[in-house]
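Descriptive analysis of the structure
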Amino acid sequence: MSLSDDIKTALTADTALMALLTGGVFNDVEEISRQNTAAAFDATTKEIKPCALIKLPNEVPAGPYVRGVRTTVVIYVYQRQGYDVIEPAMAKIFTDVNDKQIGTGTWNIEFVNSVYQQRDQALDCALGLLRFSAVRKL
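Residues numbered from 1 in each chain as written. Predicted model: local features only at pLDDT ≥ 70, side-chain atom pairs only at ≥ 80, totals over all residues. Heavy atoms only, no water.

1. Observations regarding the side chain of aspartate 96
For clarity, the cut-off: Secondary structure counts use DSSP, requiring at least four H or I residues in a row for a helix and at least two E residues in a row for a strand, with both numbered from the N terminus. Here the term buried applies to any residue with accessible area under 20% of the maximum for its type, exposed to any over 50%, and partly exposed to those in between, with areas from a 1.4 Å probe on protein chains only. Counted charges follow a simple rule, with Lys and Arg positive, Asp and Glu negative, and His plus the chain ends left uncounted. Note on definitions: salt bridges are taken to be side-chain nitrogens of Lys or Arg within 4 Å of carboxyl oxygens of Asp or Glu. We call two residues in contact whenever any of their non-hydrogen atoms come within 4.5 Å of each other.
Mapped onto the fold, aspartate 96 is located in helix 3 (residues 86-97). Although aspartate 96 is buried, it makes no salt bridge; lysine 100 carries the closest opposite charge, 6.3 Å away. If near-sequence neighbours (up to four positions away) are discounted, aspartate 96 is found in contact with Leu11, Asp14, Leu17 and Ile102.

Pasting the structure below:
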């Protein structure tokens, strides 16, 4: 399994988090869309449901080990409007991921920053995100 698969497994195991993210957690798509993540949208209204997307956009060497890397992990959290689901979900994600050893070869995952109360223009919905740094061995 990949690191994003392992993080998804950890997040989906949190029943309180999944009660908030009724649209699910995704990690194997480029973006949230009606075509690629149909479960993230209400079947009747076609509006986005609260959901999350895990992305691993970059990786850099992390010494002193030859095979050590520092992988950026970004978790986007969406809902149709407002932040009443996003912010509690972000708090739960922080607890589930920060200072943990998720995945094979991971030494530690550390919190980097949060971005609150944003808007995703393409989906026309509310957005928040958390960024972590995973130090691990390839």
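2. Some thoughts on the nonpolar core
Under the convention used in this document: In this text, buried Ala, Val, Leu, Ile, Met, Phe, Trp, Tyr and Cys residues form a nonpolar core when linked through side-chain atoms within 4.5 Å.
Ile7, Leu11, Ile75, Val77, Ile93 and Val97 are the most contacted members of the largest nonpolar core, which has 22 residues in total. For this core, the secondary-structure elements that each account for two or more residues are helix 1 (3-12), strand 2 (51-55), strand 4 (68-79), helix 3 and strand 6 (125-137). If sequence neighbours within four positions are ignored, isoleucine 75 has contacts with Ile7, Leu11, Ala52, Leu53, Ile54, Ile93, Val97, Gly128, Leu129, Leu130 and Phe132. Among the nonpolar cores identified, the runner-up in size contains 12 residues, and Phe26, Ala40, Phe41 and Leu127 belong to it.

3. Examining helix 1
What counts here: The arc in question is traced by the directions running from the helix axis to the C-beta atoms.
Every buried residue of helix 1 is listed here: Leu3, Ser4, Asp6, Ile7 and Leu11. For helix 1, the arc enclosing every buried residue in end-on projection is 160°, short of the 170-degree limit, so these residues lie on one face.

4. A look at the environment of leucine 138
Positionally, leucine 138 belongs in the segment after strand 6. Assessed through its relative accessible area of 45%, leucine 138 is described here as partly exposed. Residues leucine 138 and alanine 52, 86 residues apart in the sequence, show an inter-C-alpha distance of 26 Å.

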